[in-house]
Every structure is written in structure tokens, then in C-alpha cells.
Amino acid sequence: MLLNRPTFPQLIIILFLALLVVLAIYADIPVTGLLSDSMVRLAMNGILVLSLLPMLKAGVGINYGLPVGIEAGLIGMCLAVNYRFSGFGGFCAALLAASLTAIVFGYLYALILNRVRGREEVAGVFIGFSVVMVMNFFWATAPFRNPAMLWPIGGQGMRPTIGLTAYFARILNGMGVIHWGPMVIPFGFLACFILIALLLGYFFKTRTGLALAAVGENEKFCALNGIRVNRIRSLAIIMSTVLAALGICFYAQSYGFIELYEAPLMMAFPAASAVLLGGSLSGRASIAQAIIGTFLFHAVYVFTGPIANNLLIPEVSEIMRVIIANGIILYALLYQGERRSHAQD
């Protein structure tokens, strides 16, 4: 946990975030507004980070193939928009379609990962990239009919960006908003995110969830005790894919747009950085660690933008985000490699 034993990346990010708060006060930037945006981004990106936990628990590693689930979520939202579903019911229809599509995608994804045991993370990177490229052909030829989704000239092929204003844009952001002085708390949005986190935590305490964690600890022992290891691993991969599909729906409705084609290509790396920042350097992660890591990672991202615009140059915020995301992943790889070398010695 963060309060008991902060990791080195956590210490660096906390100190950097404290420095950003001081700089924001110095530049007369309202800190309460930035904190409000940080909470929105927590709920906006949190489910994508939570989607990594089932595979981590099962010992499959970090799901760098997150675009597999994201593409399933995009298909679900496009189906809802194509049939002009709107409001909260339309968003629920998008979640349902995304979940069903993700089950199919997750099953196929599990078949591949179970054949590359021990190299799942590397395989996931290439599978995620490949799925994005394959889906580019689908988006260019998809048989959707809603003119709002198609190129205006020719009437065929999906637009790279589809607006959700007429459908379910920010439908969760506006639920149960609490105004606490100058601070705006998206209580409804956060409550939906916390509900999914609690349901996931409850699952981990069930018999199947405990079997999933046991497989992550020792596959051979579980096999000797009658646990079907491949079945449990496949369940973890399918769960991760479904949660990723739900996560991109939460993300897109808050963003107000559906982004297609190559937009999902690099989305696995910020999510991986967040869960590693939360304390998952040992290959395991709890829900609390995922939430803490998501908040720290995106709070830094929210604070660097306006501060860079006022004191430095606007491009610095994006540069810092890339450095932090990839630096945390590199540190985790070095940390795990050092632990393995010590274990062998």
C-alpha cells in the first residue's frame, strides 16, 4: 500500500506532484479546478487500469494487448450510434454490445496467449498492434448506415472521429455532480467507477477468484489439485478484455467522441504505467493500488498542462506524459529483472 511502503516511482511522482501544486499556486492557477479534472480523469481512465488486474492475478502479466478489448468497446459504441440509441439507455446498450463483442475477442485472444505461455506480455504488444491495423480495414468498409458516422463524400467508410453529443456524450459526468465550494466533484461518475471496482474486488474473493489468484502463484500446484489452469487463465483474459471494452465506453462518453483507426494503438502503455505506479512491481496488484496509481498518473498529466502553458511551453506536458509513462514501465522491467537475477543467485 502507498501509505506503508511507497515504491520509488511513487516517491518521485508524489514529489513531482507536490512541486506542480506549488507552481500552480505561484502561477495563480486554481488548484481546486485541477483536482476536479483529476477526479474526472480517474473515473474516465480507471476501468482501463482495473482491466489489467485479472491477468495480473492469474500470472499472465500486464495486458499490453489492451487494444483488443478497446476495439470491442468501439464496435459496441458504433452499433449503439448506428441505431441511434441515446441517453442513459443508449449508453447501456453500448455497454451490452461492447461486452458481448469483447467476450468473443477475449476468447480468441486467450487461445493465442495460452500457446505462448511465459511470453504473454511480448505477444500482447504485437497482438494489440495487429488488431488495430486489422480493424482499420473494418472501419473503412464497415456496413454502418448512420450518416453521422460516415464520410460525407461517398457515404462509405467510418470517420476517424464520431461525435456523441446527440447520443450519450458525458452522460455519466453529469450524474450527481456535487459543488463543494469552488470544487466540482463528479460523484455519479466516480460512483459508477467505484461500483465496478467493488464488484471486481468481490469477484476476487469468490471461489473462482481465489482459484485465479492461486493459478498466478503456482500453476503446477493448482494443476495437481484439479484446477483447470488453462480455463482459469482464459477466464482472466476474457475478463480483462471485457473490462477494457467497458473502460473505453466510459472514456469515450466522458471525452464526447469515439476515436477510431489508430487511436487505440498506444492506450495500453498509460494504463500499464498507472498500475505499475500504484505498486505492481512484483507482478501482482490490488484494486487500491490500481486506483492510487491511476490518480497519481493522471493528476500529474492534468497539472502539467496549464502550468506548462503559463510558465514553460505547451509541448512540455505531452513530453512529460510520455517520459513518465515509458520511464515507469522501464523501471518495472529493470526491477523485475533484478529480482529474477537475485533469485537465481
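Criteria and cut-off values
Counting of residues starts from 1 at the beginning of each chain's written sequence and follows it residue by residue. With pLDDT at 70 or above as the cut-off, local features in this predicted model cover only qualifying residues; side-chain atom pairs require 80 or more to be listed or tallied, and sums for whole chains, interfaces and linings still use all residues. The basis for every side-chain value is the complete set of heavy atoms in the structure, and neither hydrogens nor water enter the calculation. Elements are defined by DSSP. Helices are runs of H or I of four residues or more, strands are runs of E of two residues or more, and each kind is numbered from the N terminus. Polar contacts, as used here, are pairs of N or O atoms within 3.5 Å; protein pairs need one atom able to donate a hydrogen and one able to accept it. Residues neighboring in sequence count only if both atoms are side-chain atoms. Only heavy atoms enter the contact rule, under which two residues are in contact if any of them lie within 4.5 Å. Categorising residues by exposure relies on relative accessible area from a 1.4 Å probe, with only protein chains included: less than 20% of the type maximum marks a residue as buried, more than 50% marks it as exposed, and the intermediate range marks it as partly exposed. Two aromatic rings from Phe, Tyr or Trp, using only the six-membered ring of Trp, form a pair when their centres are within 6.5 Å; if the ring planes differ by under 30 degrees the pair is stacked, by over 60 it is edge-to-face, and anything between is tilted. As a reminder, the over-ring test applies to NZ of lysine and CZ of arginine, requiring each to be within 6 Å of the ring centre and within 35 degrees of the ring normal.

A.B. asks: Which residues make up the side chain of Q253, and what are the values?
C.D. replies: Note on placement: Q253 falls in helix α10 (residues 229-255). A polar contact of 3.1 Å, which involves the side chain of Q253, links it to the backbone nitrogen of L172. Ignoring sequence-local partners within four residues, the contact set of Q253 consists of F91, L164, F168, A169, R170, I171, L172, N173 and F189.

A.B. asks: Run through helix α11 (residues 268-277), naming residues and quoting values.
C.D. replies: Counted residue by residue, α11 has ten buried out of ten residues, so it is predominantly covered. Residue G279 follows α11 closely and has a positive phi angle near 125°.

A.B. asks: Could you give an account of the packing of aromatic side chains, naming the residues involved and the relevant values?
C.D. replies: Evaluation of the coordinates by the stated rule reveals ten aromatic pairs. Between F138 and F144 the ring centres are 6.5 Å apart and the planes differ by 85°, which places this aromatic pair in the edge-to-face class. Given the relative accessible area of 30%, F138 is considered partly exposed. Here the aromatic cluster, defined as three or more aromatic residues joined through ring pairs, consists of F91, F168, F189 and F250. One Lys or Arg, K57, reaches over the ring of F204 and ends 5.1 Å from the middle of that ring.

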